[in-house]
Amino acid sequence: MLAKQLSIFLENKSGRLTEVTECLGQNGINLSAMSIADNSDFGILRCIVSEPERACSILKENHFAVKLTDVIGFVCPNTSGSLAVVLKKLSEEGVFIEYMYSFANGDVAHVVIRPSDLEQCERILADMKVELMAASDLYKL
């Protein structure tokens, strides 16, 4: 089950992350999950939001460089080694994980991945009986 993720390119300067979160908040868009990766010149804010298409339009209107990307969300037990089992199987099947972020909440962990092959990844996860998250569920975490 594919979900849409925002990838927002930000200059590495004070206040840019605040500007994004204020822009989203002022428009009633909730952030469910996010990850920031950076280098010396810019950062990439990847986030799951309540209304990804609308958020993308609003951010573009406010002069942010943003794109929508398909990702897969799934749930696994919040126990030692459970994520490793899933990642090992994907690796054995030739699925490369471009990036991933996750968070645990009680007995479960919610994981967002960007695999090299979305369809193959979904099939493998379904065959493994991994609980895939519907986009609508991911958007409202």
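Computed from a prediction, not measured in an experiment: that's the story for all the values here.

Draft legend 1. Examining the side chain of Glu 122 more closely. Mapped onto the elements of the fold, Glu 122 is located in helix α4 (residues 118–127). Not counting chain neighbours up to four residues away, the residues in contact with Glu 122 comprise Met 1, Leu 2, Ile 72 and Leu 132.

Draft legend 2. Structural view of the pattern of salt bridges. All chains considered together, the criterion is met by seven salt bridges. Measuring nitrogen to oxygen at the nearest pair gives 2.7 Å for the salt bridge that ties Lys 4 to Asp 70. Of this pair, Lys 4 sits in strand β1 (residues 2–11) while Asp 70 sits in strand β4 (residues 65–77); the two residues are 66 residues apart in sequence, bridging distant segments of the chain. Among the salt bridges present, the one from Arg 114 reaches Glu 98, with a minimum N-O distance of 3.7 Å. Linking Arg 114 in strand β6 (residues 108–115) with Glu 98 in strand β5 (residues 97–105), this pair joins segments that are 16 residues apart in sequence. In this structure Glu 98 comes out as partly exposed when scored by relative accessible area, which is 42%. Through salt bridges with shared partners, a single network forms among Glu 11, Arg 16 and Glu 19.

Draft legend 3. Summary view of the packing of aromatic side chains. In this structure the tally under the stated criterion is one aromatic pair. Summarising the aromatic geometry, the rings of Phe 9 and Phe 42 are spaced 6.5 Å apart at their centres and angled 55° between planes, so their arrangement reads as tilted. Here Phe 9, found in strand β1, pairs with Phe 42, found in strand β3 (residues 42–49); they are 33 residues apart in sequence, far enough to count as distant. Taking the relative accessible area as the measure of exposure, Phe 9 reaches 32% and is therefore partly exposed. Sitting above the plane of the Tyr 99 ring, Arg 46 keeps its charged end 3.7 Å from the centroid.

Draft legend 4. Spotlight on the packing of helix α3 (residues 82–92) against α4. α4 packs onto α3 with a crossing angle of 130° between their chain directions and a minimal axis gap of 10 Å. Considering the angle they form, α3 stands oblique to α4. Note that α3 runs across α4; the crossing there is right-handed. Facing Val 86, Lys 89 and Leu 90 of α3, the residues of α4 in contact are Cys 121, Ile 124 and Leu 125. For the contact of α3 with α4, the class distribution of residues is five nonpolar, no polar and one charged.

Draft legend 5. Quick peek at α4. Every buried residue of α4 is listed here: Leu 118, Gln 120, Cys 121, Glu 122, Ile 124 and Leu 125. In this structure, the buried side of α4 is in contact with β1, β4, α3, β6 and β7 (131–132). N-capping of α4 is provided by Asp 117, with a side-chain oxygen placed 3.3 Å from the backbone N of Glu 119. One or two steps after α4, the chain reaches Lys 129, where phi turns positive at roughly 65°.

Draft legend 6. Local environment of the packing of helix α1 (residues 16–26) against helix α2 (residues 52–61). For the pair α1 and α2, interaxial distance at closest approach is 10 Å and the crossing angle is 125°. Our classification of the angle between α1 and α2 gives oblique. Read as a crossing pair, α1 and α2 show a hand that is right-handed. Two secondary-structure elements touch here, α1 through Val 20, Cys 23 and Leu 24 and α2 through Ala 55, Ile 58 and Leu 59. In the contact of α1 with α2, the residues fall into six nonpolar, no polar and no charged.

About the criteria used
Sequence positions are assigned chain by chain, starting from 1 and proceeding in written order. At least 70 in pLDDT is required for a residue's local features to be given in this predicted model, at least 80 for side-chain atom pairs to be given and counted, and no such filter applies to totals for whole chains, interfaces and linings, which use all residues. To obtain the side-chain values, all non-hydrogen atoms of the structure were included, while hydrogens and water were left out. By the criteria applied, helices consist of DSSP H or I runs no shorter than four residues and strands consist of E runs no shorter than two, each listed in order from the N terminus. Every residue pair with non-hydrogen atoms within 4.5 Å of one another is taken to be in contact. The term salt bridge refers to a side-chain nitrogen of Lys or Arg lying within 4 Å of a carboxyl oxygen of Asp or Glu. Any residue under 20% of the maximum accessible area for its type is buried, any over 50% is exposed, and the rest in between are partly exposed; the area is computed with a 1.4 Å probe on protein chains only. Any two of the Phe, Tyr and Trp rings considered here, Trp counted by its six-membered ring, make a pair once their centres fall within 6.5 Å; the pair's planes then place it as stacked at under 30 degrees, edge-to-face at over 60, or tilted in between. Note on geometry: a ring has a charge over it if NZ (lysine) or CZ (arginine) is within 6 Å of the ring centre and within 35 degrees of the ring normal. Angles here are taken between N-to-C directions and fall from 0 to 180 degrees, while the axes themselves are lines fitted to C-alpha atoms, restricted in helices to the stretch in contact. If an angle is under 35 degrees, it is roughly parallel; if it is over 145, roughly antiparallel; if it lies from 65 to 115, roughly perpendicular; otherwise it is oblique. Two helices that cross are described as forming a left-handed crossing if the nearer one is turned anticlockwise from the farther one by less than a right angle, and a right-handed crossing if clockwise. Gly falls in the polar group here, along with every residue not listed as nonpolar (Ala, Val, Leu, Ile, Met, Phe, Trp, Tyr, Cys, Pro) or charged (Asp, Glu, Lys, Arg). Polar contacts, as used here, are pairs of N or O atoms within 3.5 Å; protein pairs need one atom able to donate a hydrogen and one able to accept it. Residues neighboring in sequence count only if both atoms are side-chain atoms.

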